[in-house]
Amino acid sequence: MSSEATRRLALDFASQIAPAGCIDIRRFFGGSALVQNGAQFGFVMKGTLYLRVDEAMRAEFEADGSEPFSYRAAGREVTVRRYYAVPAHVVDDPALLHSYAERALHATPTSGHRLSDTILAVSPFG
């Protein structure tokens, strides 16, 4: 998926989550970040929407079969357990997507405040 297509998808998700102009879309590595009031609460990468999770959301997403964001770097798989792929049934329900996005925003640390679940889980690839 091209960077422009990723940006358009991020803009589409943002418009479903909040009124126009409330969510900023910013470049984020190979994707697009969803940012509100300076806090990145989600991103779109390779056509998938990921939201920031707290422990309760992580359990719900895992129960729905969602996976945490992961990527390959330096010959190993890096798993970022603070962001999970949004389940399809959530993406397909605007009210539910809005609710999950609000929860993700509340799970996002703000300047001077860090959450305990911000540690990356790294495992060897292979």
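So, how was this worked out
- Residues numbered from 1 in each chain as written.
- Predicted model: local features only at pLDDT ≥ 70, side-chain atom pairs only at ≥ 80, totals over all residues.
- Heavy atoms only, no water.
- Helix = DSSP H or I, 4+ residues; strand = E, 2+ residues; numbered from the N terminus.
- Contact = heavy atoms within 4.5 Å.
- Phe/Tyr/Trp six-rings, centres within 6.5 Å; stacked < 30°, edge-to-face > 60°.
- Buried < 20%, exposed > 50% of the residue type's maximum accessible area, 1.4 Å probe, protein only.
- Lys NZ or Arg CZ within 6 Å of the ring centre and 35° of its normal.
- Salt bridge = Lys/Arg side-chain N within 4 Å of Asp/Glu carboxyl O.
- Pairing = 2+ DSSP bridges.
- pLDDT = per-residue confidence, 0-100.

(A) Representation of the overall build of the chain in the model. On a plain count of helices and strands, the chain comes out with four helices and seven strands. Secondary structure of the chain in N-to-C order comes out as α-β-β-β-β-α-β-β-α-α-β. When contacts within the chain are restricted to residue pairs at least 6 apart in sequence, long-range pairs at least 24 apart make up 54% of them.

(B) Here's a closer look at the packing of aromatic side chains. Applying the stated criterion across every chain yields a total of nine aromatic pairs. Seen from their ring centres, F43 and Y50 are 5.0 Å apart, and the 20° between their planes marks the pair as stacked. Overall, F43 belongs to the buried group, its relative accessible area being 1%. What makes Y50 buried here is its relative accessible area of 12%. Here the aromatic residues F28, F29, F43, Y50, F69, Y71 and Y83 are joined through ring pairs into a cluster of three or more. Lying over the aromatic face of Y100, R103 brings its terminal NZ or CZ to 5.2 Å of the ring centre.

(C) Broad picture of the pattern of salt bridges. In the structure shown here, the tally under the stated rule is five salt bridges. Here R58 ties to E55 by a salt bridge, and the two come within 2.7 Å at their closest N and O atoms. Of the two residues, R58 and E55 both sit in helix α2 (residues 55-63), three residues apart, roughly one turn of that helix. On the basis of relative accessibility, which here comes to 5%, the residue R58 falls in the buried class.

(D) Expanded view of unusual backbone geometry. Within the chain, N37 stands out as a residue other than glycine whose phi angle is a positive 50°. With respect to the element layout, N37 can be found in the loop between β2 (31-36) and β3 (39-45). Judged by its relative accessible area of 77%, N37 is exposed. The backbone phi angle of K46 is positive, close to 50°, even though this residue is not glycine. Relative to the helices and strands, K46 resides in the loop between β3 and β4 (48-52). On the basis of relative accessible area, K46 is assigned to the exposed category, the value being 74%.

(E) Examining the pairing of strand β5 (residues 68-73) more closely. When β5 meets strand β6 (residues 76-85), the two strands line up antiparallel, connected through six bridges. Bridge pairing links P68 to Y84 in β6.

(F) Up close: the confidence of the model for the chain. Of the residues in the chain, 85% reach a pLDDT of 70 or more, and the chain-wide mean stands at 84. Considering only residues more than four positions removed or in separate chains, one finds that residues 112-126, a stretch of pLDDT under 50, has 30 contacts.

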